[in-house]
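Analysis of the macromolecular model
As a plain string of letters, each chain reads:
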Amino acid sequence: MSKVIANNKAEKFEDFDIAKVRNIGIMAHIDAGKTTVTERILYYTGKIHRIGEVHEGTATMDFLPQEQERGITISSAVTTCFWRDCRINIIDTPGHVDFTVEVERSLRVLDGAIAVFCGVGGVEPQSETVWHQADRYKVPRIAFVNKLDRIGADFYAVVDAMRKKLSANAHPVQIPIGREADFVGVVDLIEMRAYLYDVDEEGIQYRVSDIPSEYIEEARKWREALLEALSELDEQFMERYFEDTITPEDIRQVIRAKVISGEFVPVLGGSALKNKCIQPLLDAVTWYLPSPLDLPPVVGKNPVTGEKVERRPLPEEPFAALVFKILMDPHAGKISFIRIYSGTIKSGSYVFNASKGVKERVSRLLVIHANHREDVAEAKAGDLCGVVGMRSATTGDTLCDEEHPVVLESLAFPEPVISVA
Ligand code: GDP
């Protein structure tokens, strides 16, 4: 059908290039729109599979029919989807302050996050709590200012509040076009082009166009501010900025490096409810958030000798994984969700639960998509998946190769088993 399907879905899960994996969470103050943003992400990424369509800058139907709008929702510890050539694993991150332990647990297994803010409410006390938790775990972040269609929404005020209240080095990489009910899209400050959403009787039409003339000056001003902020963080970049030889790819690369080092937060905006600017947000996930390869090795201890052990996200290293959530599923039974830090795990094999000192059977390996499950033969370093068959595993346990035992550093989480209907 399309090259997108050929690029990822048809390819075997286990052959996927780990550099193209993004393990992300979506974090937000309650009511900022986390659920709506997640649903839209699953819709647009799912649409690529169903219709075999990818946006390349031409007019694309963006209409979200009612019946599809309902029923697409994140229902799992981790949901896997595809955007362009990347596999995005979305880890369910509770947003409510009461679930601090759960939030911290999910922060432990994700590599990056989208922080969603309400364009009207801005940085609220709860967003501060979650933000500082993410700081503690050094989670690289991009920010999405949602609800720009609402009365009173102010993109720039939210950027300002992020700087003041969160001490974030936050800078727009897009600026909004139109305000409130007239919000129609954004200017991308890197490519200097506009993403526009026009509503007609058929729904919402999405297109990439030149910057509307009345926004050119403003866009130049913000682009300059962005490039100056990046120059302050990177001398080489500064030199090239002065020489005027910067390309969009250079800008994206330096943003990515500074997001990963925690020195920079790119800010995007849109309206999830009105289906505006979710595609540029997905592009930003693939451009700026790290792959498992970009992060330092994970640290643990040999439970026998007490020696420090480091594991890198390579399939040829001995297997090591952390159980981060247990769900009771009416069909599959107990599913233990794991983050694999090194090596590979095979369906039908046994692994060693180093935390409990027992062997565990791996009857099935499951990858959960928005609307279906996939049985896979093998999963490897950098991935997240569900394991069926393990009896003793509880949240926080380390699974490993018995010959190369390791207990990964983990939070002490007392874990109730959560049932899902
Ligand atoms: P959550 O609590 O963060 O998961 O927020 P939800 O996604 O449930 O959204 C909270 C409310 O805000 C719901 O009534 C949504 O319909 C609404 N909402 C979400 N995104 C937008 C948006 O972009 N614009 C407007 N006007 N409302 C939105």
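The text that follows walks through the structure, step by step, so that each part is easy to find. The shown structure was predicted, so the numbers you read here are calculated from the model rather than taken from an experiment.

Here the focus is the packing of aromatic side chains. Given two aromatic rings, one states the distance between the centres and the angle between the planes to describe the pair. Per the stated rule, a full pass over the model turns up ten aromatic pairs. Judged by centre distance (6.3 Å) and plane angle (5 degrees), the rings of Tyr195 and Tyr206 are stacked. In this pair, Tyr195 sits in strand β10 (residues 193-200) while Tyr206 sits in strand β11 (residues 203-209), placing the two residues eleven residues apart along the sequence. Judged by relative accessible area, which is 2%, Tyr195 ranks as buried.

Right, let's talk about the pairing of strand β23 (residues 384-388) for a bit. Every other side chain in a regular strand lies on the same face of the sheet, so the side chains alternate between the two faces. Burial within β23 is extensive, with five of its five residues counted as buried. In terms of strand pairing, strand β16 (residues 333-342) meets β23 through five bridges, oriented antiparallel. Among the inter-strand pairings, Ile335 is bridged to a residue of β23, identified as Val388. Of the pairings in the sheet, the one linking strand β20 (residues 364-368) to β23 comprises three bridges and is antiparallel in character. Considered in β23, the bridge of Leu365 is made with Val387.

Here the focus is the sheet that holds strand β6 (residues 141-146). Taken in spatial order, the seven strands of this open sheet run β3-β4-β1-β5-β6-β12-β7, and their pairing is mixed. Either end of the sheet is taken by a strand with one partner, and the two such strands are β3 (78-83) and β7 (170-172). Mean inter-strand twist for the sheet, computed between neighbouring axes without regard to direction, equals 30 degrees. The pairing of strand β1 (residues 21-28) with strand β4 (residues 86-91) spans five bridges and is parallel. Its bridge partner lying in β4, Arg22 is registered against Ile88.

With respect to spatial proximity, 15 residues lie near the ligand, and among them Asp31, Lys34, Thr35, Thr36 and Asp149 are the closest. Residues of the shell around the ligand, tallied by class, amount to four nonpolar, six polar and five charged.

Let us now look at helix α9 (residues 248-260). For α9, built from 13 residues, the straight-helix expectation of 18 Å at 1.5 Å per residue is met to within 8% by its first-to-last C-alpha distance of 18 Å. Considered for burial, the residues of α9 that qualify are Asp250, Ile251, Arg252, Val254, Ile255, Arg256, Lys258 and Val259. Close packing links the buried residues of α9 with β1, β6, α7 (216-233), α8 (235-243), β12 (265-269) and α10 (278-288). Count one or two residues on from α9 and you reach Gly262, which has phi positive near 80 degrees.

Bringing the nonpolar core into the picture now. Counting residues in hydrophobic clusters, the biggest one holds 56 residues, and the most contacted among them are Phe117, Trp131, Met162, Val267, Phe324 and Phe337. No other element matches the six residues that helix α6 (residues 155-166) contributes to this core. Those residues in contact with Val267, other than ones at most four positions away along the chain, are Ala143, Val145, Phe155, Val159, Met162, Ala170, His171, Pro172, Val173 and Gln174. Counting 51 residues, the second largest nonpolar core, distinct from the first, contains Ile41, Trp83, Val173 and Ile255.

Taken as a whole and judged by the stated rule, the model has 19 salt bridges. Across the pair Asp198 and Arg207 runs a salt bridge whose closest N-O atoms are separated by 2.6 Å. Residues Lys258 and Glu263 are paired through a salt bridge, measuring 3.5 Å at the closest nitrogen-oxygen approach. Its relative accessible area of 13% is what places Lys258 among the buried residues. Judged by relative accessible area, which is 33%, Glu263 ranks as partly exposed. Look at the salt bridges and you will find they share partners, linking Glu191, Glu249 and Arg252 into a network.

Right, let's talk about unusual backbone geometry for a bit. Phi at Asp31 takes a positive value of approximately 80 degrees, unusual for a residue other than glycine. By the element assignment, Asp31 lies in the loop between β1 and α2 (34-51). Look at Cys277: it is not a glycine, yet its phi comes out positive at around 75 degrees. Given a relative accessible area of 1%, Cys277 falls into the buried group.

The rules behind these values
Residues numbered from 1 in each chain as written. Predicted model: local features only at pLDDT ≥ 70, side-chain atom pairs only at ≥ 80, totals over all residues. Heavy atoms only, no water. Phe/Tyr/Trp six-rings, centres within 6.5 Å; stacked < 30°, edge-to-face > 60°. Helix = DSSP H or I, 4+ residues; strand = E, 2+ residues; numbered from the N terminus. Buried < 20%, exposed > 50% of the residue type's maximum accessible area, 1.4 Å probe, protein only. Pairing = 2+ DSSP bridges. Axes fitted to C-alpha atoms, helices over the stretch in contact; angles between N-to-C directions. Near = heavy atom within 4 Å. Nonpolar A, V, L, I, M, F, W, Y, C, P; charged D, E, K, R; others polar. Expected span 1.5 Å × (residues − 1). Contact = heavy atoms within 4.5 Å. Core = buried A, V, L, I, M, F, W, Y, C linked by side-chain atoms within 4.5 Å. Salt bridge = Lys/Arg side-chain N within 4 Å of Asp/Glu carboxyl O.

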